[in-house]
Number of protein chains: 2
Amino acid sequence: MLAEIRRYKKIPRIDLSESTGISRATVTTITADLLKEGLIEEVRSETPEKDLRRGRPKVDLKIRGAAHHVVGIKIANKSLSTVLHDFEGIQIADHEVALEESVFEADALADEVSKAIEGLTSTAGLSAEEVSGVGVGIAGTVDALQGFVYWSPSLHQRNVELGQVLEDRLGVPVFLDNDANLVAVAERAFGLAKENSDFIVITIESGVGMGIVIGNELYRGNRGCGAELGHTKVQLDGALCRCGQRGCLEAYVADYALLREAGISGRHKSVSKVEDLLSAARDGDSVAKSIVDRAGRMFAMGLANIVNIFDPELIILSGEQMHSDHLYASEVIDAMRNSVVHIDKPGPEVVIHKWGDLMWARGAAAFALDEVSEIAITGHRENAQ
Amino acid sequence: MLAEIRRYKKIPRIDLSESTGISRATVTTITADLLKEGLIEEVRSETPEKDLRRGRPKVDLKIRGAAHHVVGIKIANKSLSTVLHDFEGIQIADHEVALEESVFEADALADEVSKAIEGLTSTAGLSAEEVSGVGVGIAGTVDALQGFVYWSPSLHQRNVELGQVLEDRLGVPVFLDNDANLVAVAERAFGLAKENSDFIVITIESGVGMGIVIGNELYRGNRGCGAELGHTKVQLDGALCRCGQRGCLEAYVADYALLREAGISGRHKSVSKVEDLLSAARDGDSVAKSIVDRAGRMFAMGLANIVNIFDPELIILSGEQMHSDHLYASEVIDAMRNSVVHIDKPGPEVVIHKWGDLMWARGAAAFALDEVSEIAITGHRENAQ
DNA sequence: TAAATAAATTTGCAAATCAAATTAAATCAA
DNA sequence: TTGATTTAATTTGATTTGCAAATTTATTTA
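Just so it is clear, the structure is predicted and the values come from calculations on it, not from any experiment.

S.K.: Please explain the protein's contact with DNA strand D as it appears in this structure.
M.R.: Around DNA strand D lies a shell of 24 residues, among which Gly55(A), Arg56(A), Val59(A), Ser23(B) and Thr26(B) are the nearest. Within the side chain of Ser23(B), one N or O atom sits 2.9 Å away from a phosphate oxygen of DNA strand D. Among the elements of the structure, α2 (13-20) and α3 (24-37) of chain A together with α3 (24-37) of chain B are those that each provide at least two residues to the surface near DNA strand D. Examining the composition of the surface near DNA strand D, we find that three residues originate from one element, α3(A), more than from any other. Class assignment for the residues of the surface near DNA strand D results in eight nonpolar, five polar and 11 charged.

Structure follows, in structure tokens:
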């Protein structure tokens, strides 16, 4: 019910009854409880449009922002970006910290996270104790339910109970997940999947990530390490990937893959930024064009495989960097559509969503909001961390 | 509850309470209803082992076989195989009919199905009216909820409401689905996934099919045409597939793909059966070996992609034909394991399940059993056909 | 034959939810 | 301005669901 109110931002009881299928009587009972607990509040709807109707006017309900505060953190390559949201989902503050290193011991990382949160909350005039939960997004292979990191480019060690380490340090509930999963959560909460119960989000950062939402739930797989689109294979014995295997999609579309190819060609030996390669391609340079084109065709192939497996209603290509434009080009989407099983019914909607650089942290905050709501209602967290 | 009893075949109330988490009191209430409706029955447990215990003895419950009968049908290339199961899931009769054609008009196919069912029930001494539901498995792209066939190799037309056509002809509820999905249902009901709520079944017949079970539910995708493993791409601009596209997994591992390659080589120009090619490979023929090996490596790649996406706990390689042995070889499974993201926790269990030729029809029967049980309990079918 | 033991059932209660009746808050029409 | 009308929200009383605890039933053991 909280989630429903959050989705609509403002909604009167009678519409809640309509949209959830719960009777009006029960909606009254439930919302009365939530009001008493201070989790929601009534707003007198001042929209003049509605004043035309006769009868008792609807009274909108909304989440009470002051009820809780949550922090979202993205652990990036050499930075921590953090956001503070109120319970309504409104962003109150954000804060970005540069890091000296890009790989840490778990304890040292916990120090940095703790410092970043202090910085964030103090600018917002809030004490760290007033935070009800912290969502953390990190690249790598993560078991979100356990708060366990099998491997991450940000950690020296493998198999770290990072969720527990952070929780011990911060003294508030910590919700840890793979960063791509959190983008999916953000798309559902703030983004382009507000109305969708089943969709797939694909993110391109330095690697290729995926978040799968089925029946309003993140699908995480048995060990919590599914959705590794970047390491699905698109070529038998193909290009070498950072993961040590060959033929991974990432090894054809990631920055390092494009630069590796550029380095082969005499003409582009000195190219060190993907942007330069892309602009050369746009200017008609045939070698640059061939490199970029192949990346697009490989990406289309990876996308097509996802469509052939999931037959989703919606795919969101979600990225912060303009330099992935070549992968989001209409020729690439068309190539994907030509590589899926064809039936006489339109295929998935594909939308491109370019976010600012806070997208990752906001996803983490959205995750924390979901979990804190769960705790507020049930009294305990669902996962087993 | 019915499903739980069916899974255990025989189970006393107290164990049902244990395994479902429902209180003993409620189990008594529910099972009393089921007993009254005649859907289950008590069996005096005659196992001498239990007689050692003091106290009131447990009374096993089981599904009452006579409560309902269902038919399962597989529409194959030039045959219809049918099975008759009682409500307990016990196979009462089976019947195989050869067909003149392999592609039909919908009405003509309905005639053949109707005749086959008559033949089946009459050998079992049952009238067609005593059948509570018919499960139908067909190759192609199917929206199971609607009973709608977008395309099937067995039908001349595209976009046929085959479920409705069959239901009108037979006068009993018809449950239609893609054949690979039904194998997944059969694995859950009778096979190797009795204890698993999440698993993936891969079938190799003339094509490559897949059934995805997530949270005890078949995952079918938005339009009902997901799980098309056979048409995921394993090679950019690769071998031509029957579907008209290039690089499909099927175009590397299906019979026709192997024979196509054999036809290229002078040495194997006359080979017309895959079995011959396989035995040549086993005998050390280098060309045959190269053909068969590549199929295995491509299959491993397709499998690895599934693991990287789903991180399943169990994969069942399920096939009726011995001639897929080269794809189920341990080298292939090992190659798959070497192509998935590696973490310090064991990957999916992979099991090979070779069925008799009635596997497809039994899957259809299992599907019908599930749906007829649903109707018996709720009073209506869940889907919208 | 009585005591002990364990399964199954019954009983009475608590929580959740709903349909229908009622109340509340507004507009409309005379 | 006032009563009729309309629509939202609440209250009421009933129903359903499911449980814990007490009781009954069926069996073994002493």
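S.K.: Explain the nonpolar core to me, please; I cannot follow it from the model alone.
M.R.: For soluble globular proteins, nonpolar side chains are generally found buried alongside one another. Among the nonpolar cores identified, the biggest contains 101 residues, and Ile202(A), Phe299(A), Phe310(A), Ile202(B), Phe299(B) and Phe310(B) are the most heavily contacted of them. Setting aside residues no more than four positions away along its own chain, Phe310(A) makes contact with Ile200(A), Ile212(A), Ile214(A), Tyr219(B), Gly221(B), Asn222(B), Gly226(B), Ile309(B) and Phe310(B).

S.K.: Would you mind going over the sheet that holds strand β2 (residues 40-43) of chain B with me for this structure?
M.R.: Where strands meet in a sheet, backbone hydrogen bonds hold them as pairs that are either parallel or antiparallel. Residue and element names in this part refer to chain B. Taken together, three strands build an open sheet; the order of strands is β1-β3-β2 and the sheet is antiparallel. Of all strands in the sheet, those with a lone pairing partner are β1 (11-12) and β2, marking the two edges. Where β1 and strand β3 (residues 60-63) come together, two bridges link them in antiparallel fashion. Residue Pro 12 lies in a different strand from β3, and its bridge partner there is Asp 60. Packing of α3 onto the sheet brings it into contact with β2 and β3, and relative to β2 it is tilted by some 105°.

S.K.: What am I meant to see in the protein's contact with DNA strand C here?
M.R.: The immediate surroundings of DNA strand C are formed by 24 residues, with Ser23(A), Thr26(A), Gly55(B), Arg56(B) and Val59(B) found nearest. Within 4 Å of the protein, atoms of DNA strand C come from sugar and phosphate in 75% of cases. Between a base nitrogen of DNA strand C and a main-chain N or O atom of Arg56(A), the distance comes to 3.2 Å. Between DNA strand C and Arg13(B) there is a distance of 3.4 Å, counted from a phosphate oxygen to a side-chain nitrogen or oxygen. Broken down by secondary-structure element, the contributors of at least two residues to the surface near DNA strand C are α3 of chain A together with α2 (13-20) and α3 of chain B. For the surface near DNA strand C, the leading source of residues is α3(B), giving three residues.

S.K.: Just to check I follow, could you spell out unusual backbone geometry for this structure?
M.R.: What you tend to see is this: most non-glycine residues have negative phi, and most peptide bonds are trans. Even without being a glycine, Lys9(A) presents a positive backbone phi close to 65°. Residue position: Lys9(A) is located in the loop between α1 (2-8) and β1 (11-12). If you check the backbone angles, Asn216(B) has positive phi at about 65° while not being a glycine. When its relative accessible area of 41% is taken as the criterion, Asn216(B) is described as partly exposed.

S.K.: What is the right way to read the interface of chain B and chain A from this model?
M.R.: A common way to state how big an interface is: give the accessible area lost once the parts meet. Listed per partner, the contact involves 47 residues of chain B and 47 residues of chain A. Taking both partners together, chain B and chain A bury about 4,300 Å²; carbon and sulfur atoms supply 55% of that area. If you sort the residues of chain B by the area they bury against chain A, Arg223(B), Ile309(B) and Asp311(B) come out on top, with a joint share of 18%. Inspection of the region where chain B meets chain A yields four salt bridges. Between Asp344(A) and Arg158(B) there is a salt bridge, with its nearest N and O atoms 3.4 Å apart. If you look at where chain B meets chain A, you find 37 residue pairs in polar contact (both at pLDDT 80 or more). Among the elements of the structure, β12 (208-214) and α10 (286-310) of chain B are those that each provide at least two residues to the side of chain B that touches chain A. Take the side of chain B that touches chain A: its biggest share by element is eight residues, from α10(B).

S.K.: Would you mind going over the domain arrangement of chain A with me for this structure?
M.R.: Residue and element names in this part refer to chain A. On domain assignment, one finds that chain A holds domain 1 (2-63), domain 2 (68-185 + 359-378) and domain 3 (228-312 + 321-354). Relative placement of domain 1 and domain 2: their C-alpha centres are 32 Å apart. Across the boundary between the two partners, domain 1 contributes six residues, which contact seven residues of domain 2. Summed over both sides, the interface between domain 1 and domain 2 buries roughly 630 Å², with carbon and sulfur atoms accounting for 61% of that surface. When the area that domain 1 buries against domain 2 is broken down by residue, the three leading residues are Leu 2, Arg 6 and Leu 39, summing to 66%. A salt bridge links Lys 62 to Glu 88; the nearest nitrogen and oxygen atoms lie 3.2 Å apart. On the surface where domain 1 and domain 2 come into contact, there are three residue pairs in polar contact (both at pLDDT 80 or more). Of all the elements in the fold, those that place two or more residues in the side of domain 1 that touches domain 2 are α1 and β3 (60-63). Class assignment of the residues belonging to the side of domain 1 that touches domain 2 gives a composition of three nonpolar, no polar and three charged.

Each value, and the rule that gives it
- Residues numbered from 1 in each chain as written.
- Chains lettered and ligands numbered in written order.
- Predicted model: local features only at pLDDT ≥ 70, side-chain atom pairs only at ≥ 80, totals over all residues.
- Heavy atoms only, no water.
- Near = heavy atom within 4 Å.
- Polar contact = N/O pair within 3.5 Å; in protein donor to acceptor, adjacent residues only side chain to side chain.
- Helix = DSSP H or I, 4+ residues; strand = E, 2+ residues; numbered from the N terminus.
- Nonpolar A, V, L, I, M, F, W, Y, C, P; charged D, E, K, R; others polar.
- Core = buried A, V, L, I, M, F, W, Y, C linked by side-chain atoms within 4.5 Å.
- Buried < 20%, exposed > 50% of the residue type's maximum accessible area, 1.4 Å probe, protein only.
- Contact = heavy atoms within 4.5 Å.
- Pairing = 2+ DSSP bridges.
- Axes fitted to C-alpha atoms, helices over the stretch in contact; angles between N-to-C directions.
- Buried area = accessible area lost by both parts, 1.4 Å probe.
- Salt bridge = Lys/Arg side-chain N within 4 Å of Asp/Glu carboxyl O.
- Domains from an automatic or database assignment.

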